[in-house]
Amino acid sequence: MSAKIAPSILAADFGHLASEVESINQHADMLHVDIMDGHFVPNLSLGMPVVRALRRHSNLPFDCHLMMTNPDAYLVELAAAGATIVTMHIEAIPDPTEAAAKARDLELGFGLVINPGTPFGAVLPFVELCDLVVVMSVEPGHGGQTFIDEVLREVEAARNFIDSEGLGADIEIDGGITTVTAPRARSAGVDIFVAGTSVFGEVNRGDAIENLRKAIT
Ligand code: DX5
Ligand code: ZN
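Small disclaimer: the values here were computed from a predicted structure and weren't measured.

(A) Spotlight on the overall build of the chain. A count of helices and strands for the chain gives eight helices and eight strands. On C-alpha atoms alone, the chain measures out to a radius of gyration of 16 Å, which is about the 17 Å that the 2.2 N^0.38 rule sets for 217 residues. With the C-alpha coordinates aligned to their principal axes, the bounding extent of the chain is approximately 40 × 35 × 30 Å. Among the 217 residues that make up the chain, the fraction classed as buried is 53%. A fraction of 63% describes how many contacts in the chain between residues 6 or more apart in sequence connect residues 24 or more apart. Summing over all exposed atoms, the chain offers an accessible surface of approximately 9,300 Å²; the carbon and sulfur share of this is 50%.

Right under this line is the structure:
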């Protein structure tokens, strides 16, 4: 599929979230919303009221990345708040079968995430339940970190498996994406590129997104 860009709101100015999301509405393919619980990851970010508020300022699909323990407990509220896709960490929910079914019932897209130290094999039995497989290219919890090249092996493993089995899941990469790292990830088989600092850290968001697109086409 053609590559998609999902700017991460985590790198935006939280004092001006409405205008921040409006600055990417015409340029991005999705909005990546990082939700952290201070337990699964050593940081807090935002929750349901912010998702609901952002929804009033954007028609983009909201790709909600749940960095939390018990992610399935929040699906009803997330759906009501305006989430489009929810992704949860296999490290937090070793058997995501019921959570995937619950997401489907709520008409949410569903995805599974692996941390940099987790092999693709950990999610392989569940890929048929997924719209998205997300490979973290930094340790989750903070924006602005350096891309970990080793995870590209897991991207390649995911690409081979999804293609050879004829499955429909897209592959997303999250962390340290720039015009330098994105082409390497694209070659390994990534479809969707989360970009925090390299979009919201730039003054002109349209140009920043366009530059990422050019780098991967
Ligand atoms: C990290 C988050 C990422 C982060 C990416 O825990 O999951 O989505 O916002 O930020 P950058 O693009 O700055 O690495
Ligand atoms: Zn994320």
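Here the narrative resumes.
(B) Structural view of the sheet that holds strand β8 (residues 192–195). The strand order across the open sheet built from eight strands is β1-β8-β7-β6-β5-β4-β3-β2, with neighbouring strands paired in parallel fashion. Of all strands in the sheet, those with a lone pairing partner are β1 (4–7) and β2 (31–36), marking the two edges. Taken pair by pair, the neighbouring strands of this sheet meet at an average axis angle of 25°, ignoring direction. With three bridges connecting them, strand β7 (residues 170–174) and β8 associate as parallel partners. In the strand pairing of β8, Glu 172 is matched with Ile 192. The sheet contacts of helix α4 (residues 97–105) involve β4 (85–89) and β5 (109–114), and relative to β5 the element is tilted by about 150°.

(C) Just the packing of aromatic side chains, in detail. This model, assessed by the stated rule, comprises one aromatic pair. Between the aromatic rings of Phe 120 and Phe 161, the centroid separation amounts to 5.8 Å while the plane-to-plane angle is 55°, which identifies the pairing as tilted. Here Phe 161 lies in helix α5 (residues 152–165) and Phe 120 lies in the loop between β5 and β6 (132–136), a separation of 41 residues in the sequence. Exposure class is identical for Phe 120 and Phe 161. Each is buried.

(D) Examining the coordination of the zinc ion (ligand 2) more closely. Ligation of the zinc ion (ligand 2) by protein atoms is provided by His 32 (NE2), Asp 34 (OD), His 65 (ND1) and Asp 174 (OD), these donors lying 2.1 to 2.2 Å from the ion. Classification of the site at the zinc ion (ligand 2) as octahedral follows from its six donor atoms and the range of 71 to 173° in their angles at the metal. Between the donor residues of the zinc ion (ligand 2), the gaps in sequence give the motif H-x1-D-x30-H-x108-D. Here His 65 lies in strand β3 (residues 62–67) and Asp 34 lies in strand β2, a separation of 31 residues in the sequence. Of the two residues, Asp 34 and His 65, both sit in the buried class.

(E) Expanded view of α5. The terminal C-alpha atoms of α5 lie 20 Å apart, and with 14 residues this matches the ideal 20 Å at 1.5 Å per residue to within 8%. Along α5, the residues classified as buried are Leu 152, Glu 154, Val 155, Ala 158, Arg 159, Phe 161 and Ile 162. Against the buried residues of α5 lie β5, β6, β7 and α6 (181–188). Just past α5, the residue Gly 166 takes up positive phi, approximately 65°.

(F) Fine view of α4. Listed in full, the buried residues belonging to α4 are Ala 99, Ala 100 and Ala 103. Buried residues of α4, viewed axially, fall in a sector of 100°; they line one side. Turned more than 90 degrees from where α4 packs its buried face, Glu 98 and Asp 105 sit exposed. Elements that come into contact with the buried residues of α4 comprise α3 (75–81), β4 and β5. At the C-terminal side of α4, Glu 107 shows a positive phi close to 60°.

(G) Seen up close, the pairing of β7. Most of β7 is tucked away, with five of its five residues classed as buried. The two faces of β7 match: Asp 170, Glu 172 and Asp 174 on one face and Ile 171 and Ile 173 on the other face are all buried. Inspection of the sheet shows β6 paired to β7 by five bridges, in the parallel sense. Across the sheet, the residue bridging to Leu 132 is Asp 170, located in β7. What joins β6 to β7 is α5, and the crossover it makes is right-handed. Running through α6, the crossover from β7 to the neighbouring parallel element β8 is right-handed.

Procedures and definitions
Sequence order as written defines residue numbering, which begins from 1 separately in each chain. Chain letters start at A and ligand numbers start at 1, both assigned in the order the entries are written. The model is predicted, so local features are restricted to residues of pLDDT at least 70 and side-chain atom pairs to those at 80 or more, both for listing and for counting; the totals for chains, interfaces and linings are taken over all residues. With hydrogens and water stripped out, all remaining heavy atoms of the structure feed into the side-chain values. Comment: elements are numbered from the N terminus, with helices defined as DSSP H or I runs of at least four residues and strands as E runs of at least two. A radius of gyration in this sense is built from C-alpha atoms; the matching globule rule multiplies 2.2 Å by the number of residues raised to 0.38. We call a residue buried when its accessible area falls under 20% of the maximum for its residue type, exposed when it is over 50%, and partly exposed in between, using a 1.4 Å probe and counting protein chains only. Here, residues are in contact when the closest pair of their heavy atoms is within 4.5 Å. Only the protein chains shown count as cover for residues, with accessible areas throughout obtained via the Shrake-Rupley method and a probe of 1.4 Å. Strands qualify as paired when DSSP identifies two bridges or more between them. Note on definitions: angles span 0 to 180 degrees between N-to-C directions of axes, and those axes are lines fitted to C-alpha atoms, for helices only across the stretch in contact. The aromatic pairing rule takes the rings of Phe, Tyr and Trp, using the six-membered ring of Trp, and pairs them if the centres are within 6.5 Å, calling planes under 30 degrees apart stacked, those over 60 edge-to-face and the rest tilted. Because no water is among the atoms considered, metal sites can look incomplete, with donors defined as N, O and S atoms within 2.8 Å of the metal, or 3.2 Å for Na, K and Ca. A four-donor site is classed as tetrahedral when every donor-metal-donor angle falls between 85 and 135 degrees; four donors are called square planar, and six octahedral, when trans pairs exceed 155 degrees and all remaining angles lie between 65 and 115, with any other arrangement labelled irregular. To estimate how far a helix should extend, the number of its residues minus one is multiplied by 1.5 Å. Directions are taken from the helix axis to each C-beta atom, and the arc is the one they span. Here is how to tell: hold the view so the strands point away, follow the path from the first strand over the helix to the second, and if it runs clockwise the crossover is right-handed.

Take it as geometry only, folks, not as evidence of what the structure does.
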